[in-house]
Amino acid sequence: MRRRKLRNPLALAVLATLWQKPMHPYEIAQTLRRQGKDSSTKINYGSLYTVVQSLEKHGFVEVTDVERQGNRPERTVYGITAAGRQETTEWMSDLVAYPAKEYPIFETALSLLGVLHPDDVVTLLEERLDALLVQAASSRGALEKLYETLPRLFLVENEYQLHMVEAEAAWVRGFLDEIKAGALPGIEEWKALHEKT
């Protein structure tokens, strides 16, 4: 996987959106939201303009028009360049083909779990499990509705998110069972650590 000039996921989302047609930044944001991409990419108007400027600086997008409607300020319309199409294709190929280490905050919390008493961890993980189950049910229901109007190709990130939530719920349930049963190796030492303080 080669090193990218830009690594912000929002930059990739902008490039993919401009693949559809030239747009001004506000329209890009609206399109991403309308297509549900805000559930997989953080969209912030301030950073969107900065990302578009950076894409232009690197030659991945270019100004195709400047629109003005009535007394409104001018809107600069951007289109994807040939270099932008190539960058999008290569970037997407890398992301799909090569697993990358990501740093979810829950993983950080798990790595530092020993600072909490096991009894507190049980309570907190039960809360998390309940929240995950609600999230999974809600996502499953929304996905079923979306299948009625959209081709599956445009919903695969929603499917992936649902499966990740379900997998996390299954793992949390199993880990909880180990702690509750006292079967987690080192649990007695973990409890003793908190009895000393």
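Residues numbered from 1 in each chain as written. Predicted model: local features only at pLDDT ≥ 70, side-chain atom pairs only at ≥ 80, totals over all residues. Heavy atoms only, no water.

*Asks:* Just give me the short version of a nonpolar patch on the surface, but keep the residues and values in it.
*Replies:* A cluster of nonpolar side chains, contributed by Y26, Y45 and Y49, occupies part of the molecular surface with about 280 Å² of accessible area. Inspection of the secondary structure assignment puts Y26 in helix α2 (residues 25-34). (Patch = residues over 30% accessible without salt bridge, like charges linked within 9 Å, V, L, I, M, F, W, Y side chains within 5 Å. Areas by Shrake-Rupley, 256 points an atom, 1.4 Å probe, with all protein chains shown as cover. Salt bridge = Lys/Arg side-chain N within 4 Å of Asp/Glu carboxyl O. Helix = DSSP H or I, 4+ residues; strand = E, 2+ residues; numbered from the N terminus.)

*Asks:* I'd like to hear about α2, residue by residue, with values.
*Replies:* Taken together, the buried positions of α2 are P25, I28, A29, T31 and L32. Viewed end-on, α2 has its buried residues packed into an arc of 165 degrees, placing them on one side of the element. Looking at the buried side of α2, the elements it contacts are α1 (9-20), α3 (45-57) and β2 (75-80). Just downstream of α2 lies G36, where phi reads positive at about 75 degrees. (Buried < 20%, exposed > 50% of the residue type's maximum accessible area, 1.4 Å probe, protein only. Arc of directions from axis to C-beta. Contact = heavy atoms within 4.5 Å.)

*Asks:* Let's hear about the packing of α2 against α3: which residues, and what values?
*Replies:* Two numbers describe how α2 lies on α3: the axes approach to 10 Å, and their chain directions differ by 120 degrees. The two elements α2 and α3 meet at a crossing, and its hand is right-handed. Along its contact with α2, which presents P25, Y26, I28, A29, Q30 and R33, the element α3 presents Y45, L48, Y49 and V52. Counted by class, the contact of α2 with α3 contains eight nonpolar, one polar and one charged residues. (Axes fitted to C-alpha atoms, helices over the stretch in contact; angles between N-to-C directions. Left-handed = near helix turned anticlockwise from the far one by under 90°. Nonpolar A, V, L, I, M, F, W, Y, C, P; charged D, E, K, R; others polar.)

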